[in-house]
Amino acid sequence: MTETLQKKNTGSETLRVVTWRCTVCGFVFHGEKPPKGCPVCHSPSHEFIPDMDHRQLTYDGRPFDVLLINGSTHRAGNTGYMADIAEEMLRERGMNYRRYNLSEYSIDYCWCCYAVRAESCTFPCRNRKDDMPAFHEMLAASKAVIVVSPINWNGMSVRLKAFLDRTTCMENLYHLGKPGLTEGKVVGILVNGHEDGAIKTAMDIWLNFQQMGYVPAPFGIAFRTHGSQFNSSTDREFFHNDELIVRHTRGVVNNVIAMMQLGIEEKLKGNLVPVTE
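None of these values were measured; they are calculated from a predicted model.

(A) How the structure looks around the sheet that holds strand 6 (residues 97–101). On the basis of which strands lie adjacent, the open sheet formed by five strands has the order 6-5-7-8-9 and parallel pairing. Every other strand in the sheet has two partners, leaving strand 6 and strand 9 (215–225) as the edge strands with one partner each. Within this sheet the neighbouring strands show an average axis-to-axis angle of 10°, counted without direction. Here strand 5 (residues 66–70) pairs with strand 7 (residues 144–150) via five bridges, running parallel. Along strand 7, the bridge assignment pairs Ile69 with Val147.

(B) Quick look at the packing of aromatic side chains. Evaluated as defined, the whole model comprises eight aromatic pairs. When the centroid spacing of 4.9 Å and the interplanar angle of 85° are considered together, the rings of Phe209 and Tyr214 count as edge-to-face. Taken as a pair, Phe209 and Tyr214 share a single burial class, namely buried. Each member of the aromatic cluster is reached from another via a ring pair, and the members are Tyr100, Tyr105, Phe135 and Phe163.

(C) Molecular detail of the nonpolar core. Counting residues in each nonpolar core, the largest one holds 35 residues, and the members touching the most others are Phe135, Met138, Leu160, Phe163 and Phe209. Contributions of two or more residues to this core are made by strand 5, helix 2 (132–141), strand 7, helix 3 (158–165), helix 4 (168–175), strand 8 (186–193) and helix 5 (198–210). Ranked by the residues each element gives to this core, the list is headed by helix 2, at five residues. Aside from chain neighbours lying at most four places away, what touches Leu160 is Ile69, Gly71, Leu102, Val147, Ser149 and Ile205. Counting residues in hydrophobic clusters, the runner-up holds 28 residues, among them Tyr81, Val186, Val252 and Ile257.

(D) Spotlight on the layout of surface pockets. Computed from the structure, the largest pocket encloses a volume of approximately 750 Å³. Lining the largest pocket are 26 residues, and of these His74, Asn78, His194, Ser232 and Asp235 lie nearest its centre. Elements represented by at least two residues in the lining of the largest pocket include exactly helix 1 (78–92), strand 8 and helix 6 (235–240). Each residue belonging to the lining of the largest pocket can be placed in one class, and the counts come to six nonpolar, 15 polar and five charged. Considered as a void within the structure, the second largest pocket measures approximately 410 Å³ in volume. What lines the second largest pocket is a set of 13 residues, among which Arg21, Met52, Asp53, His54 and Glu104 lie closest to the centre. Class assignment for the residues of the lining of the second largest pocket results in five nonpolar, three polar and five charged.

(E) Seen up close, the state of the cysteines. Overall, the coordinates contain zero disulfides when judged by the stated rule. Unpaired in this structure, Cys41 has its nearest cysteine sulfur neighbour in Cys22, at a distance of 3.7 Å. For Cys41, a relative accessible area of 29% translates into the label partly exposed. With no disulfide of its own, Cys169 has Cys125 as its nearest cysteine by sulfur position, at a separation of 4.8 Å. Among the residues examined, Cys169 registers a relative accessible area of 3% and is labelled buried.

(F) Broad picture of the pattern of salt bridges. Evaluation of the coordinates by the stated rule reveals 14 salt bridges. For Glu87, the salt bridge is made with Arg99, and the minimal N-O distance between the two is 2.9 Å. Highlighted residues: Glu87 in helix 1 and Arg99 in strand 6, separated in sequence by 12 residues. Note on Glu87: relative accessible area 17%, which makes it buried.

(G) Expanded view of empty space enclosed by the protein. In the structure shown here, the tally under the stated rule is one cavity of 30 Å³ or more. Taken as a whole, the largest cavity encloses approximately 130 Å³ of empty space. Around the largest cavity, the lining comprises 17 residues; the ones closest to its centre are Cys110, Cys113, Cys121, Cys125 and Cys169. When the residues that make up the lining of the largest cavity are grouped by side-chain class, the tally is nine nonpolar, five polar and three charged.

(H) Examining helix 4 more closely. Counting buried positions along helix 4 yields six of eight residues, so the element is predominantly enclosed. Along helix 4, the residues that are buried comprise Cys169, Met170, Glu171, Asn172, Leu173 and Tyr174. On the buried face of helix 4, the contacting elements are helix 2 and helix 5. At the C-terminal side of helix 4, Gly177 shows a positive phi close to 70°.

What counts, and at which threshold
- Residues numbered from 1 in each chain as written.
- Predicted model: local features only at pLDDT ≥ 70, side-chain atom pairs only at ≥ 80, totals over all residues.
- Heavy atoms only, no water.
- Pairing = 2+ DSSP bridges.
- Helix = DSSP H or I, 4+ residues; strand = E, 2+ residues; numbered from the N terminus.
- Axes fitted to C-alpha atoms, helices over the stretch in contact; angles between N-to-C directions.
- Phe/Tyr/Trp six-rings, centres within 6.5 Å; stacked < 30°, edge-to-face > 60°.
- Buried < 20%, exposed > 50% of the residue type's maximum accessible area, 1.4 Å probe, protein only.
- Core = buried A, V, L, I, M, F, W, Y, C linked by side-chain atoms within 4.5 Å.
- Contact = heavy atoms within 4.5 Å.
- 1 Å grid on protein atoms, 1.4 Å probe; cavity = no way out; pocket = protein on both sides within 12 Å on 5 of 7 lines; lining within 4 Å.
- Points joined across faces, edges and corners; volume = space filled by probe spheres on them.
- Nonpolar A, V, L, I, M, F, W, Y, C, P; charged D, E, K, R; others polar.
- Disulfide = S-S within 2.5 Å.
- Salt bridge = Lys/Arg side-chain N within 4 Å of Asp/Glu carboxyl O.

So far we have only geometry, and geometry alone does not tell us how the molecule works.
This is the structure:
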């Protein structure tokens, strides 16, 4: 993290000056605290994090239950609130989980090696330079995944799309006649947005996991929107005072846990016929 000490005008005190980075647009600010808002993309202050020298994400190899993914560009926005509710439920139930806000990590676009030839799309992924290889390992190690997504233009965010595109190397294991790493695992999907597109977004996300052999939790998809008749600036207050988003989010998390605890992954392993595109 870039950090310096500067003296105030009185010369009697020192001020800790930190370099802050907006996780949405990358704007950099120097100060003791982050700015009240980003002057470039107008994101609020909680989208800023200390700007640390990037270290590639690694997986420590320890098994865990649930991988919780916040796919929003705004890590602390309305989708982040939905992820907070899910995380609270996981904690209450004593689950061993790991949460990641994708906006804080480096995930390159898919190189589309499969378009050259099927054998070129291999696992581990040929791109080992960003944070996605660690996510591949965690997808294989976890028993379940809960994905929380915003609605951006009737679809998922570009960050989540890049994340899911990069799972192609795991999907392609079946085409190459190799053992899969994810069949029988459980998935839950949570969608949050201003207006239309919730069901389409959820189905687009589900299709990616279906191609990897994931099993949807019963009642495992929930979505909550506000409405196009309202200004998006009012969404935050609406969602934070909405009982339905809490009830439905907690319900999906409960159902993912219940499905996972049936041991469905072990029961299905070796008994499935991969049918993928």
